[in-house]
Amino acid sequence: MRGVLPPTARSASSRRTLVVRVACAVVALGSLGGIVLGGAFSSSAAADADSSLTISWAGDTSSASALQPARDPSGFEYDEFKNIKVTVAQTQNIVDQAVKIDVSGFSGGTVQAADGTGQLWSTAMNFMQAMQCWGDPNSADFAQTCQWGGRFVKNNGLGFSVYGDNVYRVASRDVGPNATGATDVPFLTRDGKTVTGRQVTDSNSGGKNYPILDEFNSDSSNELLAARINNDGTGSFDFEMQSDIQAPDLGCGRNAADKQCYLVLIPRGTVFGAKAGGADGACSSIYGPGGSKYTFGTQPAIQAGSPLNPACDYWSNRIVVPLSFNQVAGVCPSGAEERVIGSQLLISAMASWQPKLCTTAGATFSFSTNPDSVARAQLLEKKADLAFTSYPIVKDQLDDPDDQTAFTQTTVGYAPVAIGATAVSFLADGRDGQIRSMVLSPRLLAKLLTQSYLFQLPSDANDPGNDDYNQLAPANLSYTYLFQDPDFQALNSNWGDFISNPSIVLPGPADGDALAQVWKWIQSDADARDFLNGKEDPWHMKINPYYLPSGSSDAHVPAYDPATGARLATDVKVGLTNLDGTPMSLATAPIAYFLKADASQVPHKLGTETSRFDSIQASPYVDDFVKAAVTTFRANPGAKTGWDPTAIKTDGSVGDWVSGGPQVPGQRFVISITDAAATARYDLTPIGLRAANGSVVTRPDAASMSAAVSSGLVATTNPAVKQIDPAKVSASGYPLTTVVYAAVNLTASTPAARTSISKMIGYVTGDGQTVGTQVGQLPVGYLPLTGDLKTQATTAASAIASYTGAGSSSDDGTNVGGNSNSGSGDSGDGGAGSGGSGGPKVTPSGDHAIKGLTPAASTFPLWEVFLAVALGVGVVGALFAPLLFRGIGRS
């Protein structure tokens, strides 16, 4: 396979140490090591100082002592666990996020073992398990309220990190539907539903069904099966907290009465935890050395058996941590409601602000993300009074004639509300545990965004033919791994720590102003532009031909006969095309989305498969920045590249490509485009970005974002909307910093709506700029507005409240004018024409304005470009789809 470094690619010494090093890797499923580079935003740093909690396994004196089970000094595990302490970084104001957990006082010891077949587990002993529960810790059925058992699936991502029966809620002998006298540990939902922890016979298919998977599964559950403890008895890992939004069965934060939930940590040492007399498999049927079953108290023993199984004593060793979630629904009373649409940069901020706005603004502000260009159009179409956007509106960028007409009859006001940043973040396991540092240049990111590495192309291990006909350049094909690229090695002195290839997680396919900043930064670098134009880098790597402008001499790929898989004599011409048919160059075209233009499909020759898969299935898009962060945190990009002959498609046919589940611990590597707020929220590691045409590396933090604002904020076509130009950001500034504005349709809004919106802007740009975890505060990952932007927002809020319509005067005597959007002109620096979309040149509006407000000015018709590219690729697909089955590279 391509994804993980094979033993043959390593030196002899590396091979000797690899097993030990992988065994020592952090194997916290769906989690990170909780380490973010110095200076970067950190969710742990955001936690309230009095919200962290330290609990001792024995003799606890914390505020949670009454929740801890009694410890028996004569118990087998007592000496191993008596010194354990856990510190949870945040226990109050919890939202959907990661929380760091530090462990100390373990006895340390063995981290790998083998069963009778010689199979190795990287975490056989001395690890921590974690789960989220909603019930009463002092109730006999508390274990039944815990989210556990969702990884009892074929593609669970566990590999051999733990012994298999850890994934069950019951013993392996009891899980089957035909087991007699079986013990059950059902799951009790917050709504009172009881779901068996065993399999049942599915009368519809005659097969075996596991009902728990209908509630949570390996793609959604936050259960953590194995967070490794170091030999010195310490450990650190992140746990994914899930509110009612992510885990409705737990209902944490659903309403004021259900804010309380619990984190349960279960230490697993070296003692076999079957209760006395449990050698018959009631706890676990694992065999020890010599083929005999483990018995109660056997030490050292592989940690086998479910932590919830009452026939084991693991549950009695639990540590219970109280959690208080922020309320996620029902906060605002019924009444006035304002629909807010737009920028995904505001997802985390609005989640915090919304509850406070009920009382401070007197209305419920319901927020839904849209592509920024769509939000601007919908604002003109009166589908919302307010849209979050980073660029203004301009008439000639509106594709719909009705929108253009509405533009000339509409007054739109703008107020800055937040400073966010797009982030390139990652999770990676390496030779010695989690990798904590990575740097990318504009050219390296351009390579990744254009699928120019062999590992990024669709491949099928069962279809290894036609390797020599891959359309990539020979240098590209020589890099089996990202870390083999000298370009990567030059920026990453730790390149030798990497052992896997990354999955690339991108939001899309919709556009976003924040995504435009990424392309502007790439296009501002001479080396990246050369690469996008088809020039090879110093080591002869070249761009994937699919991403060249149509008509380029290298814009062609091999074609294959769909019946035989044989290469045809004539290549197929490919390349990007604008809507008007002209070639589109990624080096210069205004673009604000991430396209997957490679149209390759595999396998070339169908065997048992009835269809092929492509780039979208091999690397699916995610909805937004937060989803990108969650996907990265869980190391589960959802690549549908495994053929399942039993899978049922939506049309009822049998057989489909399915996901292989989360990445295996010790081999995880995911790079995503997300934002600084979501990066901090899920404690991801931000990748350092090397300055365009320079050498300084920055990551999104308060200092670098502030430097970007002070050095790179330039005028767009509208005086009220300034935006950061990545090409003008100083070396110390983070180039993907972005200002977000509230755009208000003054013409279509009612006086009551304008009053509420004015109050909303007043709050979010006032008290809402205080960074913290409390409801109503600015989440970590944003930069508080500068003094100038705050003043502008205050003036705009006042003007919005006093606006009385065209042809009239506001309270302060400022003429608001009539047809305020009749002007036109050039795009201007920083407007859509300098990096927002591939549509027509932007035209600014006229100069009629009220105090603090400016009429609509410029937008990105990003769907025009997307449709243009889709059209170009689509035409090729329509003509040549049966032929475009490119060979895969050698593995």
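Criteria and thresholds
Residues numbered from 1 in each chain as written. Predicted model: local features only at pLDDT ≥ 70, side-chain atom pairs only at ≥ 80, totals over all residues. Heavy atoms only, no water. Helix = DSSP H or I, 4+ residues; strand = E, 2+ residues; numbered from the N terminus. Buried < 20%, exposed > 50% of the residue type's maximum accessible area, 1.4 Å probe, protein only. Contact = heavy atoms within 4.5 Å. Salt bridge = Lys/Arg side-chain N within 4 Å of Asp/Glu carboxyl O. Pairing = 2+ DSSP bridges. Axes fitted to C-alpha atoms, helices over the stretch in contact; angles between N-to-C directions. Phe/Tyr/Trp six-rings, centres within 6.5 Å; stacked < 30°, edge-to-face > 60°. Parallel < 35°, antiparallel > 145°, perpendicular 65-115°, else oblique. Left-handed = near helix turned anticlockwise from the far one by under 90°. Nonpolar A, V, L, I, M, F, W, Y, C, P; charged D, E, K, R; others polar. Disulfide = S-S within 2.5 Å. Polar contact = N/O pair within 3.5 Å; in protein donor to acceptor, adjacent residues only side chain to side chain. Core = buried A, V, L, I, M, F, W, Y, C linked by side-chain atoms within 4.5 Å. Expected span 1.5 Å × (residues − 1).

**Section: the side chain of Ser524**
Link 1 in the chain: By the secondary structure assignment, Ser524 is in the loop between α11 (513-523) and α12 (526-532).
Link 2 in the chain: Its relative accessible area of 14% is what places Ser524 among the buried residues.
Link 3 in the chain: Not counting the four nearest positions on each side in its chain, Ser524 is found in contact with Arg529, Ala692, Asn693 and Ala727.

**Here's the deal with the pattern of salt bridges**
Link 1 in the chain: Applying the stated criterion across every chain, the model contains 19 salt bridges.
Link 2 in the chain: Of the charged contacts, one joins Asp191 and Arg254 as a salt bridge, the two residues approaching to 2.6 Å between their closest N and O atoms. Of this pair, Asp191 sits in the loop between β7 (187-188) and β8 (194-195) while Arg254 sits in the loop between β12 (235-241) and β13 (260-268); the two residues are 63 residues apart in sequence, bridging distant segments of the chain.
Link 3 in the chain: The class for Asp191 is exposed, based on a relative accessible area of 58%.
Link 4 in the chain: For Asp725, the salt bridge identified is with Lys728, shortest N-O distance 3.3 Å.
Link 5 in the chain: Beyond isolated ion pairs, a larger network of salt bridges with shared partners links Arg443, Lys447, Asp485, Asp487 and Asp537.

**Structural notes on the sheet that holds β13**
Link 1 in the chain: Here four strands make up an open sheet; going across it, the order is β11-β6-β13-β14 and the pairing antiparallel. Unpaired on one side and paired on the other, β11 (224-228) and β14 (319-324) mark the two borders of the sheet. Strand-to-strand twist across the sheet, computed as the mean angle between neighbouring axes with direction ignored, equals 25°.
Link 2 in the chain: With six bridges joining them, β13 and β14 adopt antiparallel strand pairing.

**A look at the environment of Leu472**
Link 1 in the chain: Locating Leu472 in the fold gives a position in the loop between α8 (442-449) and α9 (474-478).
Link 2 in the chain: For the pair Leu472 and Val557, spaced 85 residues apart in the sequence, the C-alpha separation amounts to 8.7 Å.

**Observations regarding the sheet that holds strand β29 (residues 697-698)**
Link 1 in the chain: With respect to topology, three strands assemble into an open sheet ordered β20-β28-β29, the strand pairing being mixed. The sheet is open, and its two edges are formed by β20 (439-440) and β29, each paired on a single side.
Link 2 in the chain: As defined by bridge partners, β20 adjoins strand β28 (residues 688-690) across two bridges and the pair is classed as parallel. Across the sheet, the residue bridging to Val439 is Gly688, located in β28.

**Some details on the packing of aromatic side chains**
Link 1 in the chain: Overall, the coordinates contain 20 aromatic pairs when judged by the stated rule.
Link 2 in the chain: Judged by centre distance (4.7 Å) and plane angle (65°), the ring pair of Phe613 and Trp657 falls under edge-to-face. Residue Phe613 is located in the loop between β23 (572-573) and α13 (615-618), and its partner Trp657 is located in strand β25 (residues 654-659); the two are separated by 44 residues in the primary sequence.
Link 3 in the chain: Residue Phe613 is classed as buried on the basis of its relative accessible area, which comes to 0%.
Link 4 in the chain: Residue Trp657 is classed as buried on the basis of its relative accessible area, which comes to 3%.

**A closer look at the packing of helix α17 (residues 751-764) against helix α18 (residues 787-802)**
Link 1 in the chain: In the contact formed by α17 and α18, the axes pass within 8 Å of each other and the chain directions differ by 170°. Judged on the interaxial angle alone, α18 and α17 are roughly antiparallel. Of the two elements, α17 crosses α18, and the hand of that crossing is left-handed. Residues Arg754, Ile757, Ser758, Ile761 and Gly762 of α17 touch α18, and the partners they reach there are Ala793, Ala797, Ser798, Ile800 and Ala801.
Link 2 in the chain: Of the residues belonging to the contact of α17 with α18, the class tally is six nonpolar, three polar and one charged.

**Examining the pairing of β25**
Link 1 in the chain: As paired elements, strand β24 (residues 640-648) and β25 share five bridges and run antiparallel to each other. Paired with Trp643 across the strands is Trp657, a residue of β25.

**Some details on the state of the cysteines**
Link 1 in the chain: Under the definition given, this model contains three disulfides.
Link 2 in the chain: Two residues share a disulfide in this structure: Cys252 and Cys261, whose sulfurs sit 2.0 Å from each other. Between Cys252 and Cys261, the S-S dihedral sits near -95°, and the bridge is therefore left-handed. Cys261 shares its class with Cys252; the two are buried.

**So, α11**
Link 1 in the chain: The buried count for α11 comes to eleven of eleven residues, which makes it a mostly enclosed element.
Link 2 in the chain: Within α11, the full set of buried residues consists of Asp513, Ala514, Leu515, Ala516, Gln517, Val518, Trp519, Lys520, Trp521, Ile522 and Gln523.

**Side note on the side chain of Arg443**
Link 1 in the chain: Inspection of the secondary structure puts Arg443 in helix α8.
Link 2 in the chain: In terms of polar contacts, Arg443 uses its side chain to reach the side chain of Asp487, at 2.9 Å.
Link 3 in the chain: Among residues more than four places away in sequence, those in contact with Arg443 are Asp487, Asp525, Asp527, Ala528, Phe531, Asp537, Pro538 and Trp539.

**Considerations on the nonpolar core**
Link 1 in the chain: Membership of the largest hydrophobic core comes to 131 residues, with the highest contact counts inside it found for Leu346, Trp353, Phe388 and Ile522.
Link 2 in the chain: Membership of the second largest hydrophobic core comes to 74 residues, among which are Met125, Cys146, Ala304 and Ile319.

**Considering helix α5 (residues 347-360)**
At 3.6 residues per turn, the α-helix brings residues three or four places apart onto the same side.
Link 1 in the chain: Compared with an ideal rise of 1.5 Å per residue, which puts 14 residues at 20 Å, α5 spans 20 Å between its outermost C-alpha atoms and is within 8% of the ideal.
Link 2 in the chain: Within α5, burial applies to Ile347, Ser348, Ala349, Met350, Ser352, Trp353, Pro355, Leu357 and Cys358.
Link 3 in the chain: Those residues of α5 that are buried are in contact with β16 (364-369), β17 (386-389), β18 (412-430), α14 (625-634), α15 (676-681) and α17.
Link 4 in the chain: Of the residues trailing α5, Gly362 is marked for its positive phi of about 70°.

**A few points about unusual backbone geometry**
Link 1 in the chain: With an omega of 5°, the peptide bond between Gly508 and Pro509 qualifies as cis.
Link 2 in the chain: Within the secondary structure, Pro509 is located in the loop between β21 (503-505) and α11.
Link 3 in the chain: In this model, Val602 is joined to Pro603 through a cis peptide bond whose omega is 0°.
Link 4 in the chain: Note on placement: Pro603 falls in the loop between β23 and α13.
Link 5 in the chain: One non-glycine residue, Asn93, lies in the positive phi region at around 55°.
Link 6 in the chain: Within the secondary structure layout, Asn93 lies in the loop between β2 (85-88) and β3 (97-104).
Link 7 in the chain: Residue Asp683 is not a glycine yet carries a positive backbone phi of 50°.

These results come straight from atomic positions and should not be treated as a statement about function.
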